[in-house]
Amino acid sequence: MVVIPLLLTVGICSVAQTGRNDEPYCQNAPKKVEITEADATILGLSIGRSSLEDVQEKFGRAEIERVSREEESDVSVCYISPIDQTILVFYSGAMGGWKDVTWFAIWSREAAFPHASQCASSTLVSQSVATDSGLRVGLTKKEVAGIAGRPTKIGPTSSKYEGLCLQKMTEEQIKGFKANNWDVTKDPYLDRMSWIDVRYVNSIAARLEIGRIESY
């Protein structure tokens, strides 16, 4: 896939995907296709609207680390509870310009986050930390389904919700494309991919990952 970075809130432009005409519009999409703003918001920080700088202003300074050695690797910043070792991680990748939050994850102590030593301590983090919709570690499968709905994929120790829909661009985004000599006025919609990935230990949610990215 060819990508062209753009100066947008969500910062990547890619070749339009096949089957685009089959995608539902996000405002009319069923729950399993489009996560809500409440799903995408935790402690006042929202995917696509908050930056890693916003995260650090709220939780305190912490090192921003690359997730892998790959050149286009996402970057992350993480915080650990001094009480129960719950970990909250915020990520940004190419589609967030390595600046804006594109996904986040909550890890319980049982999930064993592999880079816990890199995380800064924060009393704002604990097992009770939840998205605005109520998603958090410690929930049963039934409780997760009661909030997120029916999963699109189910495994012995996991539940996953994946969706793709068309989101109408803002005027600012349309102007951003024009500034890069790309007129999108005839098709002013972004492909929005969203997901919720839950991993269970002894049938209790131990790791929760929520993400949403947009591309053209």
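Just so we're clear, the structure is a prediction, and the values are computed from it rather than from any experiment.

Its location among the elements puts serine 51 in the loop between strand S4 (45–46) and helix H1 (52–59). Assessed through its relative accessible area of 11%, serine 51 is described here as buried. Excluding anything up to four places from it in sequence, serine 51 contacts Lys99, Asp100 and Val101.

With that settled, the discussion passes to the pairing of strand S6 (residues 75–80). Across the six residues of S6, six count as buried, placing the element largely inside the fold. Residue alternation in S6 divides its side chains into two sets, Val75, Val77 and Tyr79 and Ser76, Cys78 and Ile80, and both sets are buried. With two bridges joining them, strand S5 (residues 65–66) and S6 adopt antiparallel strand pairing. Within the sheet, the bridge partner assigned to arginine 66 lies in S6 and is valine 75. Relative to strand S7 (residues 87–92), S6 is paired through six bridges, and the arrangement is antiparallel. Looking at S7, one finds that valine 75 is bridged to serine 92. Linking S6 back to S7 in an antiparallel pair, the connection comprises six residues, with glutamine 85 at a positive phi of about 65°. When S6 meets strand S9 (residues 120–121), the two strands line up parallel, connected through two bridges. Looking at the pairing, isoleucine 80 lines up with serine 121 of S9.

The next subject is the pattern of salt bridges. Tallied over the entire structure, the rule returns six salt bridges. A salt bridge links glutamate 162 to lysine 153; the shortest N-O distance between them is 3.3 Å. Looking at glutamate 162, the relative accessible area reads 33%, which means it is partly exposed. The class for lysine 153 is partly exposed, based on a relative accessible area of 48%. Residue arginine 199 is joined to aspartate 197 by a salt bridge in which the shortest nitrogen-to-oxygen separation is 3.1 Å. Arginine 199 gets classed as partly exposed once you look at its relative accessible area, which sits at 36%. Each of the salt bridges in this network shares a partner with another, and the network as a whole consists of Glu37, Arg49 and Arg212.

Most of S7 sits inside the fold, with six of its six residues counted as buried. Burial along S7 is two-sided: the residues Ile87, Val89 and Tyr91 and Leu88, Phe90 and Ser92 are all buried.

A separate point is the nonpolar core. Judged by nonpolar contacts, the single largest core of 32 residues is most densely connected at Val55, Phe59, Tyr79, Phe90, Val144, Ile196 and Ile210. Looking at this core, the elements with two or more residues in it are H1, S6, S7, strand S8 (103–107), helix H2 (141–148), strand S12 (189–201) and strand S13 (204–215). Setting aside its immediate chain neighbours within four residues, valine 55 contacts Leu45, Gly60, Val77, Tyr79, Phe90 and Val101. Judged by nonpolar contacts, the second largest core, of 13 residues, contains Cys78, Trp103, Ala105 and Trp107.

Turning our attention to the state of the cysteines. A covalent bond between the sulfur atoms of two cysteines is what we call a disulfide. Within this structure, the stated rule accounts for one disulfide. Note that cysteine 78 is cross-linked by a disulfide to cysteine 119, the S-S spacing being 2.1 Å. Sign of the S-S torsion, about -105° for the bond between cysteine 78 and cysteine 119, identifies this disulfide as left-handed. With cysteine 78 in strand S6 and cysteine 119 in the loop between S8 and S9, this pair connects stretches of sequence that are 41 residues apart.

What counts and how
Residues numbered from 1 in each chain as written. Predicted model: local features only at pLDDT ≥ 70, side-chain atom pairs only at ≥ 80, totals over all residues. Heavy atoms only, no water. Helix = DSSP H or I, 4+ residues; strand = E, 2+ residues; numbered from the N terminus. Buried < 20%, exposed > 50% of the residue type's maximum accessible area, 1.4 Å probe, protein only. Contact = heavy atoms within 4.5 Å. Pairing = 2+ DSSP bridges. Salt bridge = Lys/Arg side-chain N within 4 Å of Asp/Glu carboxyl O. Core = buried A, V, L, I, M, F, W, Y, C linked by side-chain atoms within 4.5 Å. Disulfide = S-S within 2.5 Å.

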